[in-house]
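# Examination of the molecular architecture
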Amino acid sequence: FAITPGEPLVMDIDAALYPRKRIERLGIAPCTSMYQTGENDRRMANDWRPEIHDSDGLSMHSGKGEWIWRPLTNPATLSFNSFADRDPKGFGLLQRDRDFDHYQDDGVFYDKRPCLWVEPKDDWGEGAIQLVQIPTEDETMDNIVAFWNPGQALRPGQEALFGYRLYWGSKPPVQPALATVAATRTGVGGVVGKKRTHYALRFAVDFAGGPLALLDWAKTKVEPVITLTSGRAEISSARPLASLKGARVMFDVAPAETPDPITMRLYLKSGGRSLSETWLYEWMPPALEERKV
């Protein structure tokens, strides 16, 4: 470990592992954090503070160059996600929301929590960035874990070398050139003032910066590209958001007649050009008998 103080603080790490027995799941560069409640998940919003979290999302820069943002949640049951990749360029648990008013915490100051970015120093081959989210009732439990899991299980007598850097600071050392997700919000679906005919959840995703900051909306057609593993997307729109020099995407998700989780992908494009990073989200719809219109 070579640690260099500063902004950001950098930890340069080289590890040589010699397993004594087969390791089925190895966590390289494990990051831990806490997420109790926030704009997109209010399941445990039982505190006077609007938001309580050390990190609000998992950022991933894939080996193919795609930037992905996965907002964190405090699920009702254990959640495990695996994001397959080859030779990732980096990943980390970030605290993007830096507005004190969103937290109102004058004791531990969640708006000042550092981001943690992992940067491999060489090629890690096939594997997956894995995310574990554990239910928690309060902020005293670190319920978020993210790490790299090699594609091949380590065997006894096999040498495994891993080199990487950890960056601790207000933001990662590398940023997407595209617009990034600034906020994710959820609420009741449907059209205000009109009778709702079925259950749906509304998603509002704000993007900021990148090419959106200089976009002429009067001359440019911006489209939200939304894909779901099940259910259907409804009432989708993308419109300018001047306060962020960006855009707000809104859409409803009407789940299928099953309790299976729904994975969603969203990004903005204009013509054949991508304007934003990819927003990736998993939603567990309520049981059929709990879906009130």
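Residues numbered from 1 in each chain as written. Predicted model: local features only at pLDDT ≥ 70, side-chain atom pairs only at ≥ 80, totals over all residues. Heavy atoms only, no water.

### Details of the sheet that holds strand β17 (residues 232–241)
Here is the rule: Criterion used throughout: strands pair if DSSP finds at least two bridges between them. Numbering of helices and strands runs from the N terminus; a helix is a DSSP stretch of H or I covering at least four residues, while a strand is a stretch of E covering at least two. Between N-to-C directions, angles span 0 to 180 degrees; the directions come from axes that are lines fitted to C-alpha atoms, helices contributing only their stretch in contact.
Pairing within the open sheet is antiparallel, and its four strands lie in the order β14-β15-β18-β17. Of all strands in the sheet, those bounded by a partner on one side alone are β14 (180–188) and β17. For this sheet, the mean angle separating the axes of adjacent strands, direction not counted, is 15°.

### Considering unusual backbone geometry
Just so we agree on the cut-off: Burial classes: relative accessible area under 20% of the type maximum marks a residue as buried, over 50% as exposed, and values in between as partly exposed (1.4 Å probe, protein chains only).
Along the chain, Glu7 connects to Pro8 via a cis peptide bond; the corresponding omega equals 5°. Locating Pro8 in the fold gives a position in the loop between β1 (2–4) and β2 (9–17). You will see that Gln104, though not glycine, has its phi angle at about 60°, which is positive. Within the fold, Gln104 resides in the loop between β9 (90–94) and β10 (115–120). For Gln104, a relative accessible area of 30% gives the class partly exposed. For Lys245, which is not glycine, the phi dihedral falls at a positive 55°. For Lys245, a relative accessible area of 58% translates into the label exposed.

### Here we look at the side chain of Thr278
This is how the line gets drawn: In this analysis, two residues are considered to be in contact whenever any of their non-hydrogen atoms come within 4.5 Å of each other.
With respect to the helices and strands, Thr278 occurs in strand β21 (residues 278–283). Residue classification places Thr278 among the buried positions, given a relative accessible area of 6%. For Thr278, the contacting residues outside a window of four places in its chain are Glu66, Trp67, Ile68, Trp69, Arg265, Leu266 and Tyr267.

As far as function goes, none of this settles anything; it's purely spatial.
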